[in-house]
Amino acid sequence: MDIFLQAMGELTRPYVILLIFGGVSAGLFVGAMPGLTATMALAVLLPFTFTMTPLNGLVSLGAVYMGAIYGGSFAAILVNTPGTPSSIATAFEGYPMAKQGRAMEAIGIATISSAIGGIAGVLFLLFLAPPLAVLSIRFGPAEFFWVAILGLTLIASLSEGSLLKGLLGGTIGIMLGTIGVSPIGGESRFTLGFPVMQGGIEMIVALIGLFVMPELYNMAALARTSLGAVSVSSKEKASFWRVTLKVLSKPGNLVRSCIIGEIVAIIPGAGGNIANLVAYNEAKRASKHPERFGTGTSEGLIATESSNNVTVAGSMVPLLTLGIPGAPPDAVILGVMLLHGLRPGLELFTTSGVLTYAFIISMGLAAIAMVPVGLLGGRLIYRVIFRTPYYFLVPTIGLATIIGTFALRNSMTDVFIMLILGTIGYLLKQIGIMPAPIVLGLILGAIAEVGYVQAILGGMAYRVPQVRLFENPLSWILIGIVVVSAAWPFILILLRRMRSGNKKGGAQ
Amino acid sequence: MTRNINTDLVAGTFGLLLSFGFWWLLDRELTFLSIGFPRAMIAIMTLVSALLVIKAFSKTVERTDLFTVGSNRRVFVTGLLFFGWAFSISYLGFFVAGVLAISVIALYLALARRRVSVPVFAGWVLIAVLEVSFFYYVFTRLLHIPLPEGWFF
């Protein structure tokens, strides 16, 4: 308790509070820019922390991380472009809301949900770190494979009508992910002899191309923006208290999404990218009105935004206890810790307890700081985007996407890949193959491949190496969830038929 | 003009062609570690595409009006301008190419709704200069990311 109080005391210094607000603002700006990820924000800001004390450095990076994950929702809501991969599903509901003139309400919901998610992640980290860390090391290649397959079952809910077209989109994404050097074998595949293709298709390049370019083509076709004007009634609905009440009115959705976010976060290598999609899918499955998803429902937005911010502190569980980064940005934070002589493990919570707890609590404060920073920043960004004529908005977003894509790997090839994928994405959208399943395939295909091949390698001693995929109890649980998840649409149909049959029976 | 298309057939055919393309590009000399997963995925893609083609001839076929929203010519020209922008960056450099592309795209798209006088366009060029300068400054000075240089800078 003493350590905890001392940690709180460290955080009352004005300079630390300033760092938290500054970090959240910087993270929000980076996150809102398509192509600039939380990892990139932390990597860029890393040198600035060298001259800081360990606490100030960690507090700054934690605040930037929190702000960047939340900032991704701005671009997703206002221009249908997930600023970071953690806000892919935010675009599914946020953008339709913005088109209906409910952009401020969507930003408000995203802000409150992100803040709650951020605080929930901190609470998980404070109170459940040791048992969760034990669970995280039980995940081997086979479990990773099944987690990826579980993610791929989301295609059913992202398909918007045709499951077969969704599956085709998913396989296209998976195949795009196999271009380049194989992750385990180390051999080049599908590079057409071009050395530049050995690096493969960066997931964020595909994300920007597939989500942004079709929207820009759409604006060009219509010669207007798709954002709806905010009406007086929607302004009222966007007030802080009404939005907060709306978010809190469905606690089940909020709690479920936070738990999903935490479970995904502790799996090393996963993170907000997967958490937001899984939480969105589960929210849709649990909803009384799943048919409304995709048309601008607050439920989906709450699920995705709360879950992705849980992963910020949640992914620190394996990092602080075992030294395993739960998500790529955590690797940067691990670097800062090691630089200052802090080694993950029990010692971190005892000898360096004040510092560690102060860092953890500072992430909670960063989550709270997101509310004023986000609401003010959100209004400002909305006004700028809404008042900008479409003929300036199209090239300006184009500039942001080109520069963001280039900055990922300093590669013009990536820019061309982004434009080509975007153009193909626009054409595929016309025939009903949506960008979401393609991106999902690209993200999860790589995880599935590594898990599958490593599991097979591990099972070489068996007559049938594939047995390795079904060995562990944790795999069985995951397989069970996969089966239920894949069969859920059919179970729903069956349940509805049974209910309508019962009603008819009752009426007779 | 009506563009009512059997999208199941188009998607299925596209999927089959893509599967064939990937299968054809697959280097048979690779080890199982590199070839196993893509081979399985190509098989799944072929199956899904074939099912779509079969569905295209069933009663549940999906037909949609394609390219009926807005001006297709504007989409095509905007696409060309974006590709031209990316292509010119290597020659003109990020800054000059950016200012040129933003000005030209803004002018082209604006002409769909309004008339643009020379002084107004001059003002837009200035806005484009400010916009690109802002991004240039943030990336090169603050984030230390070198941007492509061309004939100018």
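Scroll up to find the structure this text is about.
Residues numbered from 1 in each chain as written. Chains lettered and ligands numbered in written order. Predicted model: local features only at pLDDT ≥ 70, side-chain atom pairs only at ≥ 80, totals over all residues. Heavy atoms only, no water.

Peer 1: Just to check I follow, could you spell out the packing of aromatic side chains for this structure?
Peer 2: How two aromatic rings sit relative to each other is set out by the distance from centre to centre and by the angle between their planes. Here the structure, examined in full by the defined rule, presents 21 aromatic pairs over all chains. With 5.4 Å between their ring centres and 65 degrees between their planes, Phe-92 of chain A and Tyr-280 of chain A make a pair best called edge-to-face. In this pair, Phe-92 of chain A sits in helix α5 (residues 88-99) while Tyr-280 of chain A sits in helix α14 (residues 272-286), placing the two residues 188 residues apart along the sequence. Centroid distance Phe-94 of chain B to Tyr-136 of chain B: 6.4 Å. Interplanar angle 20 degrees. Geometry classified as stacked. Taken together, the positions of Phe-94 of chain B in helix α3 (residues 72-110) and Tyr-136 of chain B in helix α4 (residues 118-142) put the pair 42 residues apart, joining distant regions of the chain. With respect to class, Phe-94 of chain B is no different from Tyr-136 of chain B; both count as buried. Through a chain of ring-to-ring contacts, the aromatic side chains of Phe-145, Trp-146, Tyr-452 and Phe-470 of chain A together with Phe-37 of chain B assemble into a single cluster. (Phe/Tyr/Trp six-rings, centres within 6.5 Å; stacked < 30°, edge-to-face > 60°. Helix = DSSP H or I, 4+ residues; strand = E, 2+ residues; numbered from the N terminus. Buried < 20%, exposed > 50% of the residue type's maximum accessible area, 1.4 Å probe, protein only.)

Peer 1: Just to check I follow, could you spell out a positive patch on the surface for this structure?
Peer 2: Together, Lys-99, Arg-224 and Lys-429 of chain A together with Arg-113 of chain B make up a positively charged patch on the protein surface. Its location among the elements puts Arg-113 of chain B in the loop between α3 and α4. (Patch = residues over 30% accessible without salt bridge, like charges linked within 9 Å, V, L, I, M, F, W, Y side chains within 5 Å. Areas by Shrake-Rupley, 256 points an atom, 1.4 Å probe, with all protein chains shown as cover. Salt bridge = Lys/Arg side-chain N within 4 Å of Asp/Glu carboxyl O. Lys, Arg positive; Asp, Glu negative; His and termini not counted. Charge placed at Lys NZ, Arg CZ, Asp CG, Glu CD.)

Peer 1: Whenever I open this one, the interface of chain A and chain B confuses me. Can you help?
Peer 2: It is common to give the size of an interface as the accessible area lost on bringing the parts into contact. In this complex, chain A contributes 65 residues to the contact, which on the side of chain B involves 66 residues. With both chains or domains summed, chain A and chain B bury close to 5,900 Å², and 81% of this area falls on carbon and sulfur atoms. Of all residues in chain A, Tyr-391, Phe-392 and Leu-399 of chain A bury the most surface against chain B, accounting for 11% of the area lost on that side. Among the salt bridges present, the one from Lys-165 of chain A reaches Asp-8 of chain B, with a minimum N-O distance of 3.4 Å. Joining chain A to chain B, the criterion identifies 15 residue pairs in polar contact (both at pLDDT 80 or more). Contributions of two or more residues to the side of chain A that touches chain B are made by α9 (163-177), β2 (188-189), α10 (203-222), α20 (390-409), α21 (412-430) and α22 (435-458) of chain A. Top element by residues in the side of chain A that touches chain B is α20 of chain A. It accounts for 13 residues. Each residue belonging to the side of chain A that touches chain B can be placed in one class, and the counts come to 47 nonpolar, 13 polar and five charged. (Contact = heavy atoms within 4.5 Å. Buried area = accessible area lost by both parts, 1.4 Å probe. Polar contact = N/O pair within 3.5 Å; in protein donor to acceptor, adjacent residues only side chain to side chain. Nonpolar A, V, L, I, M, F, W, Y, C, P; charged D, E, K, R; others polar.)

Peer 1: I would appreciate a short explanation of α20 of chain A in the present structure.
Peer 2: One turn of the α-helix equals 3.6 residues, which is why residues spaced by three or four share an orientation. Residue and element names in this part refer to chain A. Between its first and last C-alpha atoms α20 spans 30 Å; for 20 residues at 1.5 Å apiece the expected length is 28 Å, and the two agree. Taking burial as the measure, the 20 residues of α20 include 19 buried ones, the bulk of the element. Immediately beyond the C-terminal end of α20, within one or two residues, lies Asn-410, with a positive phi of roughly 50 degrees. (Expected span 1.5 Å × (residues − 1).)

Peer 1: For this particular structure, what's the right way to read a nonpolar patch on the surface?
Peer 2: Taken together, the side chains of Leu-192, Phe-194 and Val-196 of chain A together with Phe-20, Trp-23, Trp-24 and Leu-25 of chain B define a hydrophobic patch exposed on the protein surface, amounting to about 810 Å² of accessible area. Along the chain, Trp-23 of chain B turns up in helix α1 (residues 7-25). What makes Trp-23 of chain B partly exposed here is its relative accessible area of 45%.

Peer 1: Could you clarify how one ought to interpret the nonpolar core in this entry?
Peer 2: Considering soluble globular proteins, one finds that nonpolar side chains tend to be buried as a cluster. With 213 residues, the main nonpolar core has Ile-333 of chain A together with Trp-85 and Phe-139 of chain B as its most contacted residues. Not counting residues within four places of it along the chain, the set of residues in contact with Ile-333 of chain A comprises Leu-42, Leu-58, Leu-61, Tyr-65, Met-316, Leu-319 and Phe-359 of chain A. (Core = buried A, V, L, I, M, F, W, Y, C linked by side-chain atoms within 4.5 Å.)

Peer 1: Just to check I follow, could you spell out the side chain of Thr-111 of chain A for this structure?
Peer 2: Residues and elements named next belong to chain A. Along the chain, Thr-111 falls in helix α6 (residues 103-136). By relative accessible area, which is 0% here, Thr-111 ends up buried. Among residues more than four places away in sequence, those in contact with Thr-111 are Tyr-70, Met-370, Val-371, Gly-374 and Leu-375.

Peer 1: What's the story with the packing of α1 of chain B against helix α2 (residues 32-56) of chain B in this structure? I'm lost.
Peer 2: The packing of two helices is summarised by the inter-axis angle and the distance between the axes. All names here are of chain B. At a minimum axis separation of 8 Å, α1 and α2 run at an interaxial angle of 155 degrees. Taken together, the axis directions place α1 and α2 in an arrangement best described as roughly antiparallel. Two packed elements cross with a definite hand, and for α1 against α2 that hand is left-handed. When α1 is examined against α2, the residues Asp-8, Leu-9, Ala-11, Gly-12, Thr-13, Gly-15, Leu-16, Leu-18, Ser-19, Phe-22 and Trp-23 are found in contact with a partner set consisting of Ile-42, Met-45, Thr-46, Ser-49, Ala-50, Leu-52, Val-53, Lys-55 and Ala-56. (Axes fitted to C-alpha atoms, helices over the stretch in contact; angles between N-to-C directions. Parallel < 35°, antiparallel > 145°, perpendicular 65-115°, else oblique. Left-handed = near helix turned anticlockwise from the far one by under 90°.)

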